[in-house]
Amino acid sequence: MRINTLLPLTLATTLITSITNGLPTEELNGPSSPHCFPFSVSHSWKLSLDLQPPPMSREEWWCAQEDFYGFLGFSMPFQYTNMDYDVESISQHLVMMKEQFGATMFRVYIPESYNTQLWKNILQAAIINNMGVVVQVAFPISGNSLSLEAVLESTLFQVLSDSPYAAIAPYVIFAAEYLNEPVGDCDMCAAGSTGNPADPASLANLTQGLTNFRNKMHQFGIPAGISEDWDRPNLMSGPPNADGVGVGLGVIGEAVAPIIDFCHAHIMAYYHNIQVQDAWNYTASQVLWYKQYLPKLPLLISEMMWATSYNVLHAGGYVTGFAVAEVSVQDYTLFWKTVDANCKYLKEQNTAYFIHAWREEGTLDMLNDDGTVVIPNWKPQKWC
Ligand SMILES: *[C@@H]1O[C@H](CO)[C@@H](O)[C@H](O)[C@H]1NC(C)=O
Ligand SMILES: CC(=O)N[C@H]1CO[C@H](CO)[C@@H](O)[C@@H]1O
């Protein structure tokens, strides 16, 4: 535990006393400061329903980067659901994530509702449940009509600059992702291009759009970057080695690395023809790849998944046919429990993760159609 020297002396003294008195270990395995969001053990460290920002800087409010390891929560899709984003509905999901899994944050995935109300409702539900949020401006996938994406940005900027949520939002929003797999899905590929995201016009679109978005988010104090799979040899990563893993940064990786504040990585053994018993080795090796080639960027696994059965939308393995990866409830459970069992490794590597996904992604979902969850009675470790 790091004792924050900025703490009031009395509090620091109490802490030291508690440590020497031998507090239960769960108190020692907590955030580096007992007063920080969203992992605080202090009940007074809460987002305020009156929408007043906390009386401190954003930097003092959020937990230190060293606390961001292990399980954070779920990717929460807002896809296909223009009706399903009222505060009550979002909040019910958040309550389940918190109570059943111990989630402290959620990640907004593909918010397919193009209005300020969506952002306001997400913020309101997060405040009610005292959770941190990663937002994302992502749509369309695999298309280059970017008018909808522009609306997502402008509605978000409007809420951040001029709404009842403007002041508190940077204390709720941890980070902002520009698009979702923009390279893999070729979201910024120039109209009429060959569909190769490394083409000069397409790459210029990506770096320009990302730079503009990041500059704007910095006005609100919020870090920005992309959420992407860097295991794309010759694009994000360099030429492949004998195992097919890209070595070093590729042409797009080189261009993007200097203009992002974090690495939100998609580490997806599921899509790489890897069997479930080998999936952790791939995952752990990828974590090392990010640490080696992007050492200065905070690392968070924003997308990682397994499937409970064949999933026509997300085939996994060879996309042309059935998933090579074994898919069943048992495999899904084994995958996630193995990730959790390696919490100490994730701590050593200062790497946190979201489970992808909560809902709307077919057999990747934790939430079943009947409202139960695929892995009951399981709280993945936040502290280890
Ligand atoms: C993955 O497995 C190989 C072969 O057993 C081993 O040498 C390597 O250290 C493992 N990587 C990680 C990150 O665990
Ligand atoms: C959104 C965006 O920046 N689109 C540009 C992508 O690149 C093409 C070709 O250079 C431009 O015509 C688009 O305006």
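Residues numbered from 1 in each chain as written. Chains lettered and ligands numbered in written order. Predicted model: local features only at pLDDT ≥ 70, side-chain atom pairs only at ≥ 80, totals over all residues.

A. Structural detail: helix α4 (residues 87-101). Here α4 spans 21 Å end to end across 15 residues, near enough to the 21 Å set by a 1.5 Å rise per residue. Those residues of α4 not exposed but buried are Ile-90, Leu-94, Met-97 and Phe-101. All buried residues of α4 project into a common sector of 75° when viewed along the axis, lining one side. Turned more than 90 degrees away from the buried face of α4, the exposed residues are Glu-88 and Glu-99. Packed against the buried residues of α4 are β1 (70-77), β2 (105-109) and α5 (116-129). (Helix = DSSP H or I, 4+ residues; strand = E, 2+ residues; numbered from the N terminus. Expected span 1.5 Å × (residues − 1). Buried ≥ 20, exposed ≤ 12 C-beta atoms within 10 Å, placed from the backbone. Arc of directions from axis to C-beta. Contact = placed C-beta atoms within 7 Å.)

B. Molecular detail of the site of ligand 1. Around ligand 1, the structure places Asn-281, Ala-284, Ser-285 and Leu-288. When grouped by side-chain class, the residues that make up the shell around ligand 1 number 2 nonpolar, 2 polar and no charged. (Near = placed C-beta within 6 Å. Nonpolar A, V, L, I, M, F, W, Y, C, P; charged D, E, K, R; others polar.)

C. Geometry of the sheet that holds strand β7 (residues 299-303). If you walk around this closed barrel you meet the 8 strands as β1-β2-β3-β4-β5-β6-β7-β8, and the pairing is parallel. Between one strand and the next, the sheet's axes are offset by a mean angle of 30°, whatever the strand orientation. (Pairing = 2+ DSSP bridges. Axes fitted to C-alpha atoms, helices over the stretch in contact; angles between N-to-C directions.)

D. Spotlight on the site of ligand 2. Taken together, the residues surrounding ligand 2 are Leu-146, Ala-190, Ala-201, Asn-205, Gln-208 and Gly-209. Among the residues making up the shell around ligand 2, the classes are represented as 3 nonpolar, 3 polar and no charged.

E. The environment of Cys-263, seen in detail. Mapped onto the elements, Cys-263 comes out in strand β6 (residues 263-266). Under the C-beta neighbour-count criterion, Cys-263 is labelled buried, with 24 such atoms within 10 Å. For the pair Cys-263 and Ser-302, spaced 39 residues apart in sequence, the C-alpha separation works out to 8.9 Å.

F. Region of interest: the environment of Asn-273. Relative to the assigned elements, Asn-273 resides in the loop between β6 and α10 (279-293). Exposure remark for Asn-273: the 14 C-beta atoms within 10 Å place this residue in the partly exposed category. As a C-alpha pair, Asn-273 and Glu-326 span 53 residues in sequence and 9.6 Å in three-dimensional space.

G. Representation of the nonpolar core. Formed by 104 residues in total, the largest nonpolar core has its most connected members in Phe-74, Phe-106, Ile-122, Val-133, Val-172 and Tyr-353. Residues in contact with Val-133, not counting those within four places in the same chain, are Met-105, Phe-106, Val-108, Ile-122, Ala-126, Val-172, Ile-173 and Phe-174. (Core = buried A, V, L, I, M, F, W, Y, C linked by C-beta atoms within 7 Å.)

Taken by themselves, the reported measurements are silent on function.
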